Structure formats: structure tokens, C-alpha cells
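Structure at a glance
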Amino acid sequence: VQLQASGGGLVQAGDSLRLACAASRRTFTHYNMAWFRRRPGNERDFVAAIDPSGRNTFYADSVKGRFAISRDNAKNTVYLQMNSLKPEDTATYYCAADNLIGVVPPLKDYEYDYWGQGTLVTVSS
């Protein structure tokens, strides 16, 4: 599976941005999907995850209430809507796919099998 992330950019604090991640295979519909981010000088951290149905979502405490993950299985695409952005949200954002069917979406990056190339989000104060 190839994942193509897009939607990053430079915004001001308080603005919104929506990231998209398009998958190359229709089997995308069976995969848990997630977004991770790597802030400057930090390791890659979990941001949000969604199960194949789209009905169950999971968030890091730092983004809960501000970010929303969703998916459109007809378009093989997962989204991350980011609202009320803060300078500390500045990072390269990565989408990931977990091909282990029937499990709760993992929260650890090493449990994901496929990765997008990353898209940079910069939030100025």
C-alpha cells in the first residue's frame, strides 16, 4: 500500500488545516489508519487513529477536542481536521496504515506497516 499525504502548510495560531492521506489500494477499507507527528527535536508521536468502519476514533490528549480524524472508504482517503492550531502543533505529520485486521487501532508507531512521506505543518504565533 502506498500512502500519499497532503495538506500541510504555514498557518497562524488559531487557524485550521485539513490533512489528507490517499491510499493506493482498495484494501484500505480493512485497515486501521492513524496520524503521527514528529516535532523538531522529538520522536514521532501518536496523534489520532481510526478503525476501518470509521465509527471508532482515538486521540492523543494533546489534540483531543481540537483535531478530528475521519475517513472516506469510497475514496481510499483518511483525513485529519486540525482546529485551533497552536505553535506546538508544528511538526511533520505522517499517515500510517495497520494491515492487521480485526484489532483495535494501535497507538504505537512500530505497529503500523505502511507510511506516507509526511507533510509539514508550521504554526506561527
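This section reports on the structure supplied with the text. All figures in this text were calculated on a predicted structure; none of them were measured in a lab. (Residues numbered from 1 in each chain as written. Predicted model: local features only at pLDDT ≥ 70, side-chain atom pairs only at ≥ 80, totals over all residues. Heavy atoms only, no water.)

Regarding the sheet that holds strand S7 (residues 67–72)
Here four strands make up an open sheet; going across it, the order is S1-S3-S8-S7 and the pairing antiparallel. The outermost strands of the open sheet, each flanked by one partner alone, are strand S1 (3–6) and S7. Ignoring which end each strand starts from, the neighbouring axes of this sheet average 15° apart. Bridge count between S7 and strand S8 (residues 77–82): six bridges; the pairing is antiparallel. Residue serine 70 lies in a different strand from S8, and its bridge partner there is tyrosine 79. (Pairing = 2+ DSSP bridges. Helix = DSSP H or I, 4+ residues; strand = E, 2+ residues; numbered from the N terminus. Axes fitted to C-alpha atoms, helices over the stretch in contact; angles between N-to-C directions.)

Comments concerning the state of the cysteines
One pass over the structure, following the stated rule, counts one disulfide. Two residues share a disulfide in this structure: cysteine 21 and cysteine 95, whose sulfurs sit 2.1 Å from each other. A torsion of 60° about the S-S bond marks the disulfide between cysteine 21 and cysteine 95 as right-handed. You can see cysteine 21 sitting in strand S3 (residues 17–23) and its partner cysteine 95 sitting in strand S9 (residues 91–98), a full 74 residues away along the chain. Using a relative accessible area of 0% as the deciding quantity, one classes cysteine 21 as buried. The buried category is assigned to cysteine 95, whose relative accessible area is 0%. (Disulfide = S-S within 2.5 Å. Buried < 20%, exposed > 50% of the residue type's maximum accessible area, 1.4 Å probe, protein only.)

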